Amino acid sequence: MKVFSVENKFKRFWDLFIFLLATYCSVDIPFWILFPYTQTGFFFFFEIFISVAFFVDLLLNFRTAYFKNEIQITDPLSIAKRYLGSWFILDILSILPLELFIEYGIVSKDLLFLCVFRFLRIIKLTSSIHFKRTWGMHEFDSTSFMRLGFLIYWISIFAHWTACGWIIIDGSAGAVTDPDTLTRYIRAIYWSVTTLTTIGYGDITPVTNVQTIYTMCIMLVGAGAYGYLVANIATILANSDIIRTQFVDKIQKINTFMKYKKIPAEMQKAILDYYDYIWKNRKGYDENQILRELPPSLRMKVSIYLNSDLVRKVPILKSASDDLISKIILNLVPVVYMRGDYIFKKGDTGHHLYFISKGQVEILAEDGITSYGVLSEGSFFGEIALFMDTPRTASIRALDYCDLYYLDKDTFMSIILHYPDFAAHIDKLIKEREHHNKSR
Ligand code: CMP
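Residues numbered from 1 in each chain as written. Predicted model: local features only at pLDDT ≥ 70, side-chain atom pairs only at ≥ 80, totals over all residues. Heavy atoms only, no water.

A. Representation of the overall build of the chain. Counting its secondary structure elements, the chain contains 19 helices and 10 strands. For 440 residues, the compact-globule formula gives about 22 Å, and the C-alpha radius of gyration of the chain, at 29 Å, lies well above that figure. The dimensions of the chain, computed from C-alpha atoms along their principal axes, are 95 × 50 × 40 Å. Residues counted as buried form 42% of the 440 residues belonging to the chain. Distance between charge centroids for the chain: 2 Å, based on 46 positive and 44 negative side chains. (Helix = DSSP H or I, 4+ residues; strand = E, 2+ residues; numbered from the N terminus. Rg over C-alpha atoms; globule rule 2.2 N^0.38 Å. Buried < 20%, exposed > 50% of the residue type's maximum accessible area, 1.4 Å probe, protein only. Lys, Arg positive; Asp, Glu negative; His and termini not counted. Charge placed at Lys NZ, Arg CZ, Asp CG, Glu CD.)

Spelled out as structure tokens, the structure:
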């Protein structure tokens, strides 16, 4: 069975489908616990259907790639290890149709608490960054209606849970005496909304100790959530984090532009994905612009510090002299490529040598299909065209988001001229690479 990529369309809609089923469970189960109704006919089959769907989902989880530091991991063993160590147990527990088991006396009522796992499944889905991104909730897209909808969704679910809790502890129905099920529920949800939003009219008040403690807890959660909201707005208003604010501002401008120009949704998503990546990896800073403003000696120190990671990753640099390293590092220019982008194509004129700091690229023949191999972090490419003064001998395509650094041709050639050991190393590597390609 194949491994689904994170972008897979089927998986995307499958996750949404599971999300909807989990939402149904999170509304239905607390209700069923409070006002048990017999699950016959449609409800019976629907419970079985949910169990089957959750089971299929469990299997699919073993075959779904995941992101590690924004790099897609597709190795089935790593996927299985990660899954077994995270949500696997919760997923297993949520497969069982415990309501039916309890109803038909297969398991004891004491196991009722296990039903919780079934509806807690929504926490798993909604906490997945990828799920949010796929459905248009990018971290900086504060204009997204989806984000707003999602917040309202969570508040509604939480209000439902707290209302059910209020009924369990026999919360007062206010002025209504001897209320029916529906009235009890409506009064309870009214209580929960007014308490969560800290409005608290005081027409439904706690009577027993348990109710009072429960009310206080909900008030604290409500106040916390309210504080969180106010703090967020205050941060934006106060512009306390200029870089973040500028970044958000930039995203908003881009958003407006994309909508104005009616850029297709897929392309809009790719652009927002890119900016998410840039923020996560660089916090929106232009490294080179900052470095340019520094005096040369300091620039050198800072550059070496900033690129120490790259020097550690690239074997050819590890053994190089400090002098050579600083010459290379001072001239490196960072550049990001997105999944599927061609960095260059076979036959192009070569202007740069590239180092891979993060991500993977594929070396392709002219047909764009035949692959000579994959290069990952710590490797470099593009040396043949510069060294031999020929057109590019292969095409290079990014397999993930790639953080690359490039060195321009003049700097590379001057290094070759002044550092014969380095030149010999490159010469040897070129022969090996050419030999490898000929043998394919
Ligand atoms: P260049 O010819 O400038 O552009 C294509 C690059 O792909 C080439 O330089 C090498 O850096 C790289 N390349 C080609 N073949 C291989 C290979 N077999 N292994 C690793 N890198 C390769």
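What follows continues from the structure just given.
B. Structural context of the packing of helix α2 (residues 41-61) against helix α4 (residues 88-95). Relative orientation of the contacting elements α2 and α4 amounts to 160°, with a least axis distance of 8 Å. Overall, the two elements α2 and α4 adopt an arrangement that is roughly antiparallel. The two elements α2 and α4 cross, and the hand of that crossing is left-handed. Within the contact between the two elements, α2 uses Ser 51, Phe 54, Phe 55, Leu 58 and Asn 61 and α4 uses Phe 88, Asp 91, Ile 92, Ser 94 and Ile 95. Here the residues of the contact of α2 with α4 are counted per class, giving six nonpolar, three polar and one charged. (Axes fitted to C-alpha atoms, helices over the stretch in contact; angles between N-to-C directions. Parallel < 35°, antiparallel > 145°, perpendicular 65-115°, else oblique. Left-handed = near helix turned anticlockwise from the far one by under 90°. Contact = heavy atoms within 4.5 Å. Nonpolar A, V, L, I, M, F, W, Y, C, P; charged D, E, K, R; others polar.)

C. Broad picture of unusual backbone geometry. A positive phi angle, near 50°, is found at Lys 262, a position not held by glycine. Note on placement: Lys 262 falls in the loop between α11 (242-260) and α12 (265-282). Assessed through its relative accessible area of 70%, Lys 262 is described here as exposed. With a phi angle near 55°, Asp 389 is a residue other than glycine that sits in the positive phi range. Assignment of secondary structure puts Asp 389 in the loop between α17 (383-388) and β9 (395-398). Owing to a relative accessible area of 58%, Asp 389 belongs among the exposed residues under this scheme.

D. Spotlight on the sheet that holds strand β10 (residues 402-408). Ordered by their spatial adjacency, four strands build an open sheet running β3-β10-β5-β8, and the pairing between neighbours is antiparallel. Pairing within the sheet leaves two strands with one partner each, and these edge strands are β3 (333-337) and β8 (380-381). In this structure, strand β5 (residues 352-358) lies alongside β8, joined through two bridges in antiparallel fashion. Bridge pairing links Tyr 354 to Phe 381 in β8. Sheet strands in contact with helix α18 (residues 409-418) are β5 and β10, and its direction is about 65° off that of β10. (Pairing = 2+ DSSP bridges.)

E. How the structure looks around the site of the ligand. Near the ligand, the surroundings consist of 15 residues, among which Gly 382, Glu 383, Arg 392, Thr 393 and Asn 437 are the closest. Within the backbone of Ala 385, a nitrogen or oxygen atom sits 2.9 Å from an oxygen atom of the ligand. At 3.1 Å from a nitrogen atom of the ligand is found a side-chain nitrogen or oxygen belonging to His 436. In isolation the ligand exposes 450 Å². Once the protein is present, 96% of that is buried. Those elements giving two or more residues to the shell around the ligand turn out to be α17 and α19 (420-438). Taken together, the residues that form the shell around the ligand break down as eight nonpolar, four polar and three charged. (Near = heavy atom within 4 Å. Polar contact = N/O pair within 3.5 Å; in protein donor to acceptor, adjacent residues only side chain to side chain. Areas by Shrake-Rupley, 256 points an atom, 1.4 Å probe, with all protein chains shown as cover.)

F. Representation of the pairing of strand β6 (residues 360-364) in the model. Taking burial as the measure, the five residues of β6 include four buried ones, the bulk of the element. Direction of pairing for β6 relative to strand β7 (residues 371-376): antiparallel, over a ladder of five bridges. If you follow Val 361 over to β7, its bridge partner there is Leu 375. Taken together, β6 and the strand that follows it, β7, pair antiparallel across an intervening segment of six residues, in which Gly 368 is found at a positive phi of about 75°. As judged from the four bridges shared by β6 and β9, these two strands associate in the antiparallel manner. Residue Ile 363 lies in a different strand from β9, and its bridge partner there is Ile 396.

G. Structural detail: the side chain of Asp 91. Looking at the element boundaries, Asp 91 is found in helix α4. A residue is classified by how much of its surface remains accessible, and Asp 91, at 0% relative accessible area, is buried. Side-chain polar atoms of Asp 91 contact the side chain of Tyr 83, separated by 2.4 Å. Apart from the residues lying within four places of it in its own chain, the contact partners of Asp 91 are Leu 58, Asn 61, Tyr 83, Arg 121 and Lys 124.

H. Fine view of the nonpolar core. With 29 residues, the main nonpolar core has Phe 54 and Ile 122 as its most contacted residues. Where this core is concerned, the elements lending two or more residues are α1 (9-34), α2, α4, α6 (115-126) and α8 (145-168). For this core, the leading source of residues is α1, giving seven residues. Not counting residues within four places of it along the chain, the set of residues in contact with Ile 122 comprises Phe 19, Ala 22, Thr 23, Ser 26, Tyr 153, Trp 154, Ile 157 and Trp 161. (Core = buried A, V, L, I, M, F, W, Y, C linked by side-chain atoms within 4.5 Å.)

I. Molecular detail of α1. Taking 1.5 Å per residue, 26 residues should reach 38 Å; α1 reaches 38 Å between its end C-alpha atoms and fits that length. Capping of α1 at its N-terminal end is provided by Asn 8; its side-chain oxygen lies 2.9 Å from the backbone amide nitrogen of Phe 10. (Expected span 1.5 Å × (residues − 1).)

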